[in-house]
Amino acid sequence: MSDSSFNSLADIIAHRYGEGVVGNGHSGSDMPIDDPLAQIILRRTHRRYTDQPVSDDLLDVLFAAAFSASAKSDLQQASVVVVKDENKRQAIQELIPSMPWIGNAAVFMIWIGDSRRIRRICEHRGKPFANDHLDAFLNAAVDAALAMQTFTLAAETKGLGVCPVSVVRNHIDAIRDILELPLYTFPVAGLCLGWPSQEGFISMRLPPKVTVHTDRYDDWDLAEEVAGYDKRRDERFSIPSASRRLNDVYGEAEFYGWSEDKARQVSTAERENLGRFVRAQGIRTD
Ligand SMILES: Cc1cc2nc3c(=O)[nH]c(=O)nc-3n(C[C@H](O)[C@H](O)[C@H](O)COP(=O)(O)O)c2cc1C
């Protein structure tokens, strides 16, 4: 479906979730396609960019938007490191050669959960930091994620594209050393930013029946809902044979949909070091 065939938000929602999946297809039918929500629902990750730079002025504005995100208790525990030094960017790219968008994007940055600033402020103000437990980690991680997503949506309103890169956490000690991350800080995700060179595509999402609960958590029909989602998604875009994972371990699946792909993905352990890393950064996880 091309963007010109949308008549209302209901069409846009159908494109994201499949026909009749959200509100039986009616939700959004009275909202025009120039509603600002359309841009959010049609958003997509971009991994290929033109050579056009992003001006420092625009970047300043995008960070101003990003740090306007809500923040737990107004503690403002997000930071970002923009990687401008080409040697540092190349060092990060070399850690993750499978993701050339890290090196090709106009801008590359890493979003940081920052439990350091408030601890330093406590020192300046002569007060104890009495919240030294897992919640300190979670609050900083959430603040960083909210700021990164607000940056993302801001960038997308300007026609820019982004790709988050959590794989930086597969090399977390090296990233800490390259960025000289001090105690009580930790990388949440990298973010590539650039002007998209391709249209990209809309990745279909799980139905609200699975993600939106009323009054109590209820997943009794998960298997059936996921089977329907697998089928809808496969009809839109079938995962190519070359992208199917771990055939050597699990064999060729008769039907290789989203759930088979994701179950295979998480059947391999990764980032088991994260707890050790966070504790080494001085943050308690108990
Ligand atoms: C926290 C986070 C980490 C991600 N890490 C990576 C990554 O390491 N490499 C990558 O290519 N995409 C990464 N992505 C992008 C996701 O793969 C993408 O958002 C997902 O496939 C859905 O596609 P869409 O954003 O186009 O709807 C990440 C996204 C998020 C939110």
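Heads up: the structure comes first, above all this text.
With that settled, consider the overall build of the chain. Within the chain one finds 13 helices and 4 strands. In summary, the chain has a C-alpha radius of gyration of 21 Å against a globular reference of 19 Å for 286 residues, a match within 12%. Counting only residues that meet the buried cut, the chain has 24% of its 286 residues in that class.

Moving on: the site of the ligand. Residues in close proximity to the ligand include R44, T45, R47, M99, C163, P164, V165, S166, V167, A189 and S203, which together make up its full environment. With 3 residues, the single largest contributor to the shell around the ligand is strand 3 (residues 161-165). Classifying every residue of the shell around the ligand by side-chain character gives 6 nonpolar, 3 polar and 2 charged.

This part takes up the nonpolar core. One finds A105, W111, A144, L191, C192 and L193 to be the most contacted residues of the largest nonpolar core, which totals 42 residues. Put simply, the parts of the chain that give this core at least two residues each are helix 3 (56-66), helix 5 (101-104), strand 2 (107-114), helix 7 (134-157), strand 3, helix 8 (172-179) and strand 4 (185-194). The dominant element in this core, judged by the number of residues it contributes, is helix 7, at 10 residues. Apart from the residues lying within four places of it in its own chain, the contact partners of L191 are M109, W111, M148, V162, P164 and V165. Ranked by size, the runner-up nonpolar core spans 8 residues in total, among them L9, A10, I13 and Y17.

Here we take up the sheet that holds strand 4. Strands sit in the order 1-2-4-3 across an open sheet of 4 strands; the sheet is antiparallel. Edge strands, defined here as strands with exactly one partner in the open sheet, are strand 1 (78-82) and strand 3. Strand after strand, the sheet turns through a mean of 25° between neighbouring axes, direction not considered. In this structure, strand 1 lies alongside strand 2, joined through 5 bridges in antiparallel fashion. Within the sheet, the bridge partner assigned to S79 lies in strand 2 and is I112. Packing of helix 7 onto the sheet brings it into contact with strand 1, strand 2, strand 3 and strand 4, and relative to strand 2 it is tilted by some 150°.

Moving on to helix 8. Among the residues making up helix 8, those that are buried are I172, I175 and I178. The buried residues of helix 8 occupy an angular sector of 125° when the element is viewed end-on, so they sit on one face. Relative to its buried face, helix 8 has exposed residues pointing more than 90 degrees away, namely D173 and D177. Tucked inside the fold, the buried residues of helix 8 contact helix 4 (86-95), strand 2, strand 4 and helix 13 (274-280).

Counting through the fold element by element, K88 comes out in helix 4. Distance in space between the C-alpha atoms of K88 and D74 is 32 Å, their sequence separation being 14 residues. If we ignore the near neighbours within four places in the chain, the residues touching K88 are V83 and I178.

Turning to helix 1 (residues 9-17), its buried residues number three or more, namely L9, A10, I12, I13 and Y17. Burial along helix 1 is one-sided: seen end-on, the buried residues are contained in an arc of 160°. The secondary structure elements touched by the buried residues of helix 1 are helix 2 (37-41). Downstream of helix 1 by a residue or two, G18 has a phi angle that is positive, lying close to 105°.

The phi angle of most residues is negative, glycine excepted, and most peptide bonds adopt the trans form. The backbone of Y184 sits at a positive phi, close to 70°, despite the residue not being glycine. Within the element layout of this structure, Y184 appears in the loop between helix 8 and strand 4. For Y184, a count of 23 C-beta atoms within 10 Å gives the class buried. With phi around 55°, R271 is a residue other than glycine that occupies positive phi space. Considering the arrangement of structural elements, one finds R271 in the loop between helix 12 (258-266) and helix 13. The class of R271 is partly exposed, set by 13 C-beta atoms lying within 10 Å.

Viewed as axis vectors pointing N to C, helix 3 and helix 7 meet at an angle of 130°, and their least axial separation amounts to 8 Å. With respect to helix 7, the element helix 3 is oriented oblique. For the element pair helix 3 and helix 7, the recorded crossing hand is right-handed. Every residue of helix 7 that contacts helix 3 at L62, A65 and A66 is listed here: A147, T150, F151, A154 and A155. For the contact of helix 3 with helix 7, the per-class residue count stands at 7 nonpolar, 1 polar and no charged.

Cut-off values and rules
Each chain has its residues counted from 1, following the order in which its sequence is written. For this predicted model, a pLDDT threshold of at least 70 governs which residues receive local features, and a threshold of 80 or more governs which side-chain atom pairs are given and counted, while totals over whole chains, interfaces and linings are taken from all residues. The way it works is that DSSP assigns letters per residue, a run of H or I at least four long becomes a helix, a run of E at least two long becomes a strand, and they are numbered from the N terminus. Each radius of gyration reported is based on C-alpha atoms, and the globular scaling rule is 2.2 Å times the count of residues to the power 0.38. Burial in this document is a count-based property: other C-beta atoms within 10 Å of a residue's C-beta are tallied, and the residue is buried at 20 or more, exposed at 12 or fewer, or partly exposed in between, with C-beta positions derived from the backbone. Only the C-beta atom, placed from the backbone, is used; a residue is near a molecule or strand if that atom lies within 6 Å of it. Only Asp, Glu, Lys and Arg are considered charged in this grouping, and only Ala, Val, Leu, Ile, Met, Phe, Trp, Tyr, Cys and Pro are considered nonpolar; every other residue, Gly among them, is considered polar. The nonpolar core is taken to be a set of buried Ala, Val, Leu, Ile, Met, Phe, Trp, Tyr and Cys residues joined by way of C-beta atoms within 7 Å. Each residue gets a C-beta atom placed from its backbone, and two residues are in contact if those atoms lie within 7 Å. In short, DSSP must find at least two bridges between two strands for them to pair. Every axis in this analysis is a line fitted to C-alpha atoms, fitted for helices over the stretch in contact. Angles between the N-to-C directions lie between 0 and 180 degrees. Relevant arc is that of directions from the helix axis to the C-beta atoms, nothing else. Each angle receives one of four descriptions, namely roughly parallel if under 35 degrees, roughly antiparallel if over 145, roughly perpendicular if within 65 to 115, and oblique otherwise. Take the far helix as the reference: if the near one is turned anticlockwise from it by less than a right angle, the crossing is left-handed, and if turned clockwise, right-handed.

Function-wise, these values are silent; they only describe arrangement.
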